[in-house]
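Each chain, letter by letter, is given below.
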Amino acid sequence: MQDDVGTLLRSFLNNALRRQTQRRIRDFGGYEIGKRRKPDVIDAIANEVAAFLCTYLNINANGLPAKREAVASAIARALRNVSDELAYRLTWRDDQAWRTVCEAVAVFLEACMEFDPKTYDGSLTARSNYNGWKDWEVIVSGERPRGKWRHAWKEKPGDDFIGFDGETCMGRIFKINLTGSDERWYWLLAADGSPRRGWPAAGYEASARSAACRVERIYFALVKGEARIVYR
């Protein structure tokens, strides 16, 4: 079983990798098995994924903080080890293929780096008043989720849920227990490659209700084509 930090790393990797554009995924996977792949796209993918991980995690290598360039280089090496057949399966949006790639990248990174959740310092999303959000964006006490939320793993109910708007997945929320840390419910917006319009793709809240509401607020804003406004 993965420890809590390992689970968080894999969740962030899954989100960051799967939010790549369809064009990038096609360039990475090719148009047939091993055909017309464009290896140059790997560096672009790795740089974006590294930026995402460095935003939300403290990453160390050999006891020292790892630079984003070093994280990107490690991700790129892991992606270059992906077989032609597996890379091509990604172009089908094959869930099992994505899980296999994310796990391979996570194992590669864990072999050379250490990961811990980053203490919130007011810079995770934007200059803010509370938890990365402006006053008018804070989840209020009476707000309740509108979608359907169910356990992510049917065989193992726990503090891990996926939210749906009809048949469409909106995102995921889950709690991790860390020594010396306040309770946090992490949330991840479902990644489909669509423009985020200034909205963050991940973060955390103090409760499951707030995390689910946060996912839904962003999801429905994107459905409406609304960009985030951080200044009024």
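See above for the structure.
Structure report, in brief. (Residues numbered from 1 in each chain as written. Predicted model: local features only at pLDDT ≥ 70, side-chain atom pairs only at ≥ 80, totals over all residues. Heavy atoms only, no water.)

When helices and strands are counted, the protein shows seven helices and eight strands. Considering only intrachain contacts with a sequence separation of at least 6, the fraction spanning at least 24 residues in the protein is 64%. For the protein, the accessible area works out to roughly 12500 Å², and carbon and sulfur atoms hold 49% of it. (Helix = DSSP H or I, 4+ residues; strand = E, 2+ residues; numbered from the N terminus. Contact = heavy atoms within 4.5 Å. Areas by Shrake-Rupley, 256 points an atom, 1.4 Å probe, with all protein chains shown as cover.)

A separate point is the pattern of salt bridges. Should their charged atoms come close, side chains of opposite charge can pair. Taken as a whole and judged by the stated rule, the model has 14 salt bridges. The salt bridge involving aspartate 94 is made with arginine 89; its shortest N-O contact spans 3.6 Å. Relative accessible area serves as the criterion here: at 23%, arginine 89 is assigned to the partly exposed category. Arginine 217 is the partner of glutamate 143 in a salt bridge, and the nearest nitrogen-oxygen pair spans 2.6 Å. Within this pair, whereas glutamate 143 is found in the loop between β3 (114–117) and β4 (148–151), its partner arginine 217 is found in helix α7 (residues 208–223), the two being separated by 74 residues in sequence. Taking relative accessible area as the criterion, arginine 217 reaches 27% and is therefore assigned partly exposed. A single salt-bridge network, built from bridges that share partners, covers Arg10, Glu103 and Glu110. (Salt bridge = Lys/Arg side-chain N within 4 Å of Asp/Glu carboxyl O. Buried < 20%, exposed > 50% of the residue type's maximum accessible area, 1.4 Å probe, protein only.)

Moving on: the sheet that holds strand β5 (residues 160–165). The strand order across the open sheet formed by five strands is β4-β5-β6-β7-β8, and the pairing between neighbours is antiparallel. Both outer strands of the open sheet, β4 and β8 (202–205), are each paired with one neighbouring strand and no more. Recorded for the sheet is a direction-independent mean angle of 25° between the axes of neighbouring strands. Here strand β6 (residues 168–176) pairs with strand β7 (residues 184–189) via six bridges, running antiparallel. Note on β7: the bridge partner recorded for arginine 172 is leucine 188. (Pairing = 2+ DSSP bridges. Axes fitted to C-alpha atoms, helices over the stretch in contact; angles between N-to-C directions.)

This paragraph deals with the pairing of β3. Burial along β3 is one-sided: Phe115 and Pro117 are buried, and none of Glu114 and Asp116, which face the opposite way, are. In this structure, strand β1 (residues 57–61) lies alongside β3, joined through four bridges in antiparallel fashion. Following the sheet pairing, asparagine 60 is matched in β3 by glutamate 114.

Summed over all chains, the structure comprises eight aromatic pairs. Geometrically, the ring pair formed by tyrosine 219 and phenylalanine 220 is edge-to-face, given 5.0 Å between the ring centres and 75° between the ring planes. Given a relative accessible area of 13%, tyrosine 219 falls into the buried group. Here the aromatic residues Phe12, Phe52, Phe174, Tyr186 and Tyr204 are joined through ring pairs into a cluster of three or more. Residue placement shows arginine 146 over the ring face of phenylalanine 220; its charged tip is 4.0 Å from the ring centre. A cation sits over an aromatic face here: arginine 214 above tryptophan 133, 3.8 Å from the ring centre. (Phe/Tyr/Trp six-rings, centres within 6.5 Å; stacked < 30°, edge-to-face > 60°. Lys NZ or Arg CZ within 6 Å of the ring centre and 35° of its normal.)

Once that is clear, we can look at the sheet that holds strand β2 (residues 64–65). Within a beta sheet, neighbouring strands are joined by backbone hydrogen bonds and run either parallel or antiparallel to one another. On the basis of which strands lie adjacent, the open sheet formed by three strands has the order β2-β1-β3 and antiparallel pairing. Looking at which strands have only one partner, the edges of the open sheet turn out to be β2 and β3. Across the face of the sheet, helix α3 (residues 41–56) comes into contact with β1 and β3 while running at roughly 105° to β1.

What follows covers the environment of cysteine 169. As for its placement among the helices and strands, cysteine 169 is situated in strand β6. Taking the C-alpha atoms as reference points, cysteine 169 and lysine 148, separated by 21 residues in sequence, lie 9.6 Å from one another.

We now examine the side chain of arginine 18. Here arginine 18 lies in helix α1 (residues 4–18). Under the relative-accessibility criterion, arginine 18 is labelled buried at 17%. A polar side-chain atom of arginine 18 sits 2.8 Å from a polar atom in the side chain of aspartate 95. (Polar contact = N/O pair within 3.5 Å; in protein donor to acceptor, adjacent residues only side chain to side chain.)

What follows is about the pairing of β7. With six of six residues buried, β7 lies mostly within the body of the structure. Judged by which residues are buried, β7 turns out to be covered on both faces: Arg184, Tyr186 and Leu188 on one side and Trp185, Trp187 and Leu189 on the other are all buried. Relative to β8, β7 runs antiparallel, the two sharing four bridges. The residue bridging tyrosine 186 from the neighbouring strand is tyrosine 204, located in β8.

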